[in-house]
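Letter by letter, the chains look like this.
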Amino acid sequence: MDACDTMEVCENMDVVPKGRSLSDIKSTAIVKYTSASIPLSTGFSQLQLNTNLNVPPSNWLRSSSGMERYIRDYTWRREHSEFSSIRMANNFPDLTGEVDVVSGSQNIKKLLKMPLCKSSHVSMMVHRIGKTLLLDEFDIHKLLLRNQEEEWTWLRHFFYDIVAKDMQGKMKCIPRRSKSRNTLEKRNMYSKFLYHSLVATCNQNELVWQTRPTSSPPPAETRTESLDLVPDPLPKSESEFDREILWKFEDIHMLIGTDLPIFGGTTHPCVSLRLRDSATPINVLTGLDYWLDNLMCNVPEVAMCFHLNGIVQKYELIKTEDIPNLDDCKFDPQLITDIARNILSFLKSNATKEGHTYWLYKDVDDDVVKLYDLTALCGEGKTDRCQNPFTVPVGILLYRVARNMRQSADRKSMATIRELLENSLLLLDEDKHSQVCTSAHYLLSDLYVPDCSVHDVWSISSSEMTTDDTEDSPMSDDDDSDVRTEISVGMNDLVNKSCLYNHMTKSVKSHPIAGTVEERCHDALKHIRKGLDCILKEKAESNTRKSSSIVEEQVPCNQSQAIPLHYQPLKTTHKGGYSLELMSHKAGLTLNKPWQCLSSSLLMRKSSMTFFALAKAHLSAQKYGNALKYIRFAVHCFEAMSSLIPQKAKENQELLSLVLEVAGDIRLVMGRISNGFEDHSRDYDKMSEDEAAILHTAQSVITVPELAWVYVWTLSMEQNLMDSSRCYERALHLIKDRKVEKEAKILLAKRYGNSLNELGVLYMNQAQVFLQSGTMLPLDKIEELWENSEKCFTKGIEAFCSVADQANQALLHSNRGRLMRLCARCYTHITMQKDRPEFSAKERQYYFKAIDCYQRALDVLGSSERLRPDQFHDIRESVKWDLSSTYFNMAMMLQDYAPLSTHPQEEIEKQVTDLMNKSLKYCTTDERQGRDLTLQQYRAATINHRLASLYHNSYRNQEINDQKRRHLRQLAEHHYDRAMRHFLSVEAFSDLLRVELERVAMLELFYQSQSSSKGKLRCLHSVFLILLSCRDAIVPLCSQADGGSEEKSEPSEESNLYFILLSRIQFVLLQLIKTYSTLQKRHCENTLKDLKRFYAQSLQSETEKVDCLKERWKWVADFLSELVSLRDQLAREAA
């Protein structure tokens, strides 16, 4: 009973080949949407034979039940608008761009029957979204010929000039929808038939038929989506179809709309119902129509009711797979598949540009179907884009699809999203669609600078890229030369299987979003600025409209209520829980609509992210002026966002912490640099046009940010370091209780501790400079520097302790110990100003504090035996050296400036000895472990020398018994011996000679206590041997000595050592002469004679008259060499 019954079928139509069935065709259908007006179930009655369908049933055209309303609408309101596919795509943005076709089922059937029916007429509008084609029927009579001349003007002219004329220039006859009496009678009969079938629902032939063949997801209107990214500017439109189905026909995916009534029962759960005239056989086009309807809705059977002049004759149940094999309507399903593929290939290979409107047109009896690019022919440069009624719906659809793809978090399709949004902006007028354009600009900025960029994640690797973005993608603007405005294809080509158009399908690769960080950020800033401009334009136009039509509305007063003195700002509660304030009283920017406030907040947030990324990039490039400038913009935009929607500040605390972290890095580095400030200052003051516009908008929201101190430009090292540590501290506070990666918290805490350490070192160095310059500040000023430094070190230790950073804890304890030593030195400086300087209690106090700091550092590092050989080795050795130096310095000060007025001598010596031994304990002289071995050995030699001198002094001056004196001499000898070995290993020959002479002096003191000649001779022999060993130190001194003359008024230390050594040689030789003279032994005569000769030689030396120190050392070395001949003689006689 359809119109296709009267169409002429092509003669070359193939029948179904033997052995082929519907099972060879792959077809699946999934219901995505079902209208709420369709009831879940209804009673269906099989009509009795001879029922007269010409007589209307009692319930005809009534709508007392849901099924009655559905049948009424289906039979009498079947026309759909020219935007039905666009509306369907709007309801399923996740499928748009993924499926091949979105259209109504009637359009699909018309296209598939087109090559089989020469008299068919096709007029459809085609639009492309990604790889999806949107097809809508275009009724020429309704929309062009019957409308007013002002409507569709551009298309009407094109139609009259190009399409409607035949080859001779005459106007063609345009077919229109049939509204003849016969057509209306058939429609009425079919309507009465369906209403008859709903009557008598309780008889024995009743079946309960389901109207939902498959379980479907919730309707599109009830689906929930995450809209936190950006609000959807427009509500979703209601569907024009009763069902929207995802149909997979072979390898073609389609989203189709259909109104086909479907019934179901216990024996036949899913059946479609048809009314046929017994006098008219079912032809190929009708069978194809029934077959396609059932395939699209996944209906396995069709129930046909045959009538003769309105009198029911019989019912016949036919399986869908048997329809192609029915008599008089046989057709090849594979041929239909080939036609579908050919048509899809033709459209995809030619309708290639997103945003363009294409017209697919075939006139009656034409052998070809033509595709016109109406946008290229009639739209671009000739008429306003708004005259095209498809421009706005397509532009909004492009935006909605891009928005849905962006929310799906599929980073592989970013290039496609960008193209969709850019094409959407080309179609939409920013003045009329400011909300959509604002959201599109925001999404574009989010593509260039995604939220993950704050963690340095910008794009996916090439290995993760797929061909999804490049397959069947629309052509870019660079391919305009290859796009033809009129394409045609013959009907025979669409039917011919060997003439597939797969080779015509153009696969154009979408350009990926690439570039440096700086380039992407600047692209993002351009879109952010344009988005803000859209909001400001909308606000200005809204204020203009409001001011031009102000009507004061009189409101009756209530005497029991007070008159309000001001208006309260309107508030709209967001589903996330925060309110959109339409007016910010703190700022000068007034936003009249909720979307303006939310969009402004999102754009300010994205601006803050973008400026943050730029700051990081310029910091890495060591462009500190630019880096601090972008931190300034980032902070200002963030606080503008917080002012617009306070809840956003809580949601983006991690972003603020990252901004503060980078700001701390910049200020920390600026505290270190010493030159190039002029270049950095110039960079700080420069800004581009986009940056200035965004900053101006942020300033209109909040004039002076609360965190303005973060980006203050200063050359003060102290201020930079103070602000740096303050930034880190604030950032740590922001992420304290938030879910942030542990490594990020650890790194931030370390940076905070490092900045505090540098600030503490700065204060300490300032105090040290004043101390070394000799221009002492007032003590309270210096103590203030100490206190500030100690506070910084203490906070830094706490920061490193919170993340268990042992190495940095030890370093800060060491720096704090250095500060305590500096305090002690300052009090030493004060002590030295007195007439009789003595080691003070303040010095002692700060030395002990320093010792405590170093001990804590060692405790933090732990025992070296428990750790790996390389762990903390250098730090531990450094701390041990500082601790050894502290003990050593304190011991020297206590020894050199003994507080005899407050402490007894014996106690002081004991303390000095204890301190020296502790210093020696932490002085590493092992070649396998120590670093700076020469310095360590020299320190050990000095300590042993001082200990030996201390014991030597006690031995000389204290009145003690012989046993204790003997013990002191042994200790002194022990330390002298160790000092000599260390001095010799580091080649400190002057110090070595001094130690040798002190040993000689101690032995001379011991010589004086001897009473027997034998004891004296033995003692003198020991002294003689020590003097001979001095030659090992004199020879290197001779080679190192300067050959020039020496000023007699200022003798050098080495010159003094020379005279002491010479005098000790003369003294020993004289004493040996005296001792041997008392001996009554003949064999000593030769020895005595030699001693006298050498003594006379030392007295008659001419070296005293020589000014050259080198010559003096040379004479002494030679003289000692000659004395070696006496060594064996004296040894035998001493024995």
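Residues numbered from 1 in each chain as written. Predicted model: local features only at pLDDT ≥ 70, side-chain atom pairs only at ≥ 80, totals over all residues. Heavy atoms only, no water.

**Overview of the overall build of the protein chain**
Reasoning step 1: The secondary structure content of the protein chain amounts to 35 helices and 17 strands.
Reasoning step 2: Sequence-distant contacts in the protein chain: of pairs separated by 6 or more residues, those separated by 24 or more amount to 78%.
Reasoning step 3: Counting every atom, the protein chain has about 54100 Å² of accessible surface; 49% of that belongs to carbon and sulfur. (Helix = DSSP H or I, 4+ residues; strand = E, 2+ residues; numbered from the N terminus. Contact = heavy atoms within 4.5 Å. Areas by Shrake-Rupley, 256 points an atom, 1.4 Å probe, with all protein chains shown as cover.)

**Considerations on the nonpolar core**
Reasoning step 1: If you look at the biggest cluster of nonpolar residues, it comprises 240 residues, and the most contacted ones within it are Trp-359, Leu-1061, Trp-1113 and Leu-1123.
Reasoning step 2: Ignoring sequence-local partners within four residues, the contact set of Leu-1123 consists of Phe-1024, Leu-1028, Ile-1065, Leu-1069 and Phe-1094. (Core = buried A, V, L, I, M, F, W, Y, C linked by side-chain atoms within 4.5 Å. Buried < 20%, exposed > 50% of the residue type's maximum accessible area, 1.4 Å probe, protein only.)

**What about the side chain of Ser-272?**
Reasoning step 1: Along the chain, the position of Ser-272 falls in strand S10 (residues 271–277).
Reasoning step 2: Ser-272 gets classed as buried once you look at its relative accessible area, which sits at 0%.
Reasoning step 3: Discounting residues that sit within four places of it in the chain, Ser-272 has contacts with Leu-260, Pro-261, Asn-294, Val-299, Glu-301, Val-302 and Ala-303.

**Structural notes on the packing of aromatic side chains**
Reasoning step 1: According to the stated counting rule, one finds 22 aromatic pairs in the structure shown.
Reasoning step 2: Here the aromatic residues Phe-138, Trp-359, Tyr-361 and Tyr-372 are joined through ring pairs into a cluster of three or more.
Reasoning step 3: For the cation-ring pair, Arg-1064 lies above Phe-1067, with the distance from its terminal atom to the ring centre recorded as 5.1 Å. (Phe/Tyr/Trp six-rings, centres within 6.5 Å; stacked < 30°, edge-to-face > 60°. Lys NZ or Arg CZ within 6 Å of the ring centre and 35° of its normal.)

**Topic: helix H8 (residues 333–350)**
Reasoning step 1: In a regular helix each residue adds 1.5 Å, so 18 residues correspond to 26 Å; H8 covers 26 Å between its end C-alpha atoms and thus fits that length.
Reasoning step 2: Counting buried residues along H8, 17 of its 18 residues qualify, which places the element largely inside the surrounding structure. (Expected span 1.5 Å × (residues − 1).)

**Here's the deal with empty space enclosed by the protein**
Reasoning step 1: Under the definition given, this model contains three cavities of 30 Å³ or more.
Reasoning step 2: Size it by volume and the largest cavity reaches roughly 130 Å³.
Reasoning step 3: Taken together, Val-101, Ile-108, Leu-111, Leu-112, Leu-133, Leu-135, Ile-252, Met-254, Ala-340, Ile-343, Leu-344 and Leu-347 form the lining of the largest cavity.
Reasoning step 4: Those elements giving two or more residues to the lining of the largest cavity turn out to be helix H3 (105–113), strand S5 (132–137), strand S8 (252–258) and H8.
Reasoning step 5: With four residues, H8 is the largest single contributor of residues to the lining of the largest cavity.
Reasoning step 6: Here the residues of the lining of the largest cavity sort into 12 nonpolar, no polar and no charged. (1 Å grid on protein atoms, 1.4 Å probe; cavity = no way out; pocket = protein on both sides within 12 Å on 5 of 7 lines; lining within 4 Å. Points joined across faces, edges and corners; volume = space filled by probe spheres on them. Nonpolar A, V, L, I, M, F, W, Y, C, P; charged D, E, K, R; others polar.)

**A few points about the environment of Glu-430**
Reasoning step 1: As for its placement among the helices and strands, Glu-430 is situated in the loop between helix H11 (414–427) and helix H12 (434–448).
Reasoning step 2: Separated by 104 residues in the primary sequence, Glu-430 and Cys-534 place their C-alpha atoms 6.4 Å from one another.
Reasoning step 3: Apart from the residues lying within four places of it in its own chain, the contact partners of Glu-430 are Cys-437, His-441, Cys-534 and Lys-537.
Reasoning step 4: A distance of 3.3 Å separates a polar atom in the side chain of Glu-430 from a polar atom in the side chain of His-441. (Polar contact = N/O pair within 3.5 Å; in protein donor to acceptor, adjacent residues only side chain to side chain.)

**Considerations on the sheet that holds strand S15 (residues 486–490)**
Reasoning step 1: Spatially, nine strands are ordered S1-S7-S8-S3-S5-S4-S13-S14-S15 in an open sheet, and the strand pairing comes out mixed. Where the open sheet ends on each side, the last strands, each with one partner, are strand S1 (27–34) and S15. For this sheet, the mean angle separating the axes of adjacent strands, direction not counted, is 20°.
Reasoning step 2: One ladder, built from five bridges, connects strand S4 (residues 122–129) with strand S13 (residues 358–362); its direction is antiparallel. Opposite Met-125, over in S13, you have Trp-359 as the bridge partner. (Pairing = 2+ DSSP bridges. Axes fitted to C-alpha atoms, helices over the stretch in contact; angles between N-to-C directions.)

**A look at helix H20 (residues 689–701)**
Reasoning step 1: Look at H20: 19 Å from first C-alpha to last across 13 residues, which is about the 18 Å you get at 1.5 Å a residue.
Reasoning step 2: Every buried residue of H20 is listed here: Asp-690, Glu-691, Ile-694, Leu-695, Thr-697, Ala-698 and Val-701. Looking straight down H20, one finds its buried side chains confined to an arc of 155°; they lie on one side. H20 presents Glu-689 and His-696 as exposed residues on the side facing more than 90 degrees away from its buried surface. (Arc of directions from axis to C-beta.)

**Things to note about the confidence of the model for the protein chain**
Reasoning step 1: Here the protein chain averages 79 in pLDDT, while 77% of its residues score no lower than 70.
Reasoning step 2: Mean pLDDT across the elements of the protein chain bottoms out in strand S6 (residues 207–210) (38) and peaks in helix H16 (residues 624–644) (94).
Reasoning step 3: Within the model, the stretch residues 11–20 combines pLDDT values under 50 with 21 contacts to residues more than four positions away or in other chains.
Reasoning step 4: Here residues 565–587 scores under 50 on pLDDT; set against residues more than four positions off or in separate chains, the count is 45 contacts. (pLDDT = per-residue confidence, 0-100.)

**What to know about the pairing of S5**
Reasoning step 1: Within S5, five of the six residues are buried, which leaves it mostly tucked inside the rest of the structure.
Reasoning step 2: As defined by bridge partners, strand S3 (residues 101–104) adjoins S5 across two bridges and the pair is classed as parallel. What sits directly across from Val-101, in S5, is Leu-133.
Reasoning step 3: Examined bridge by bridge, S4 and S5 share six bridges and lie antiparallel to one another.

**A few points about the packing of H16 against helix H19 (residues 677–685)**
Reasoning step 1: Where H16 contacts H19, the two axes come as close as 7 Å, and the packing angle between them is 30°. Taken together, the axis directions place H16 and H19 in an arrangement best described as roughly parallel. For the pair H16 and H19, the crossing hand works out as right-handed. Contacts between H16 and H19 involve Tyr-624, Gly-625, Asn-626, Leu-628, Lys-629 and Arg-632 from the first element and His-680, Asp-683 and Tyr-684 from the second.
Reasoning step 2: Considering only residue class, the contact of H16 with H19 consists of three nonpolar, three polar and three charged. (Parallel < 35°, antiparallel > 145°, perpendicular 65-115°, else oblique. Left-handed = near helix turned anticlockwise from the far one by under 90°.)

**Topic: the sheet that holds strand S9 (residues 262–263)**
Reasoning step 1: Judged by pairing direction, the sheet is mixed, and its four strands sit side by side in the order S9-S10-S11-S12 without closing on themselves. The strands lining the two open edges of the sheet, one partner per strand, are S9 and strand S12 (311–319).
Reasoning step 2: With seven bridges connecting them, S10 and strand S11 (residues 301–308) associate as parallel partners. Each bridged residue has a counterpart across the sheet, and for Arg-276 the counterpart in S11 is Phe-306.
Reasoning step 3: On top of the sheet, helix H6 (residues 181–197) reaches S10, S11 and S12; it is set at about 130° to S10, its chief contact.
Reasoning step 4: Here helix H7 (residues 284–297) sits on the sheet and contacts S9, S10 and S11; the angle it forms with S10, its principal contact strand, is near 165°.

**Quick notes on the environment of Val-31**
Reasoning step 1: In this fold, Val-31 is placed in strand S1.
Reasoning step 2: Taking C-alpha positions, Val-31 is 6.2 Å from Glu-244, a pair spaced 213 residues apart along the chain.

**So, the pattern of salt bridges**
Reasoning step 1: Applying the stated criterion across every chain, the model contains 35 salt bridges.
Reasoning step 2: Among the salt bridges present, the one from Lys-109 reaches Asp-293, with a minimum N-O distance of 2.9 Å. On the criterion of sequence distance, the pair formed by Lys-109 in helix H3 and Asp-293 in helix H7 is long-range, its members being 184 residues apart.
Reasoning step 3: Put simply, Arg-751 and Asp-665 hold a salt bridge, and the shortest N to O gap is 2.7 Å. Here Arg-751, found in helix H22 (residues 742–773), pairs with Asp-665, found in helix H18 (residues 653–670); they are 86 residues apart in sequence, far enough to count as distant.
Reasoning step 4: Taking relative accessible area as the criterion, Arg-751 reaches 26% and is therefore assigned partly exposed.
Reasoning step 5: Residue class for Asp-665 comes out buried when judged on its relative accessible area of 13%. (Salt bridge = Lys/Arg side-chain N within 4 Å of Asp/Glu carboxyl O.)

**Digging into the packing of helix H21 (residues 717–734) against H22**
Reasoning step 1: The N-to-C vectors of H21 and H22 enclose an angle of 155°; their axes lie 9 Å apart at closest approach. Taken as axis vectors, H21 and H22 run roughly antiparallel relative to one another. Between H21 and H22 the crossing geometry is left-handed. Seen from H21, the contacting residues are Met-717, Glu-718, Leu-721, Met-722, Ser-724, Ser-725, Tyr-728, Glu-729, Ala-731 and Leu-732; seen from H22, they are Lys-745, Leu-748, Ala-749, Arg-751, Tyr-752, Ser-755, Leu-756, Glu-758, Leu-759, Leu-762, Tyr-763 and Gln-766.

**Some details on the environment of Leu-655**
Reasoning step 1: Structurally, Leu-655 can be placed in helix H18.
Reasoning step 2: Taking relative accessible area as the criterion, Leu-655 reaches 6% and is therefore assigned buried.
Reasoning step 3: Separated by 79 residues in sequence, Leu-655 and Leu-734 have C-alpha atoms that sit 9.7 Å apart.
Reasoning step 4: Residues within four places of Leu-655 in sequence aside, it is in contact with Val-454, Arg-605, Ser-608, Met-609 and Phe-638.

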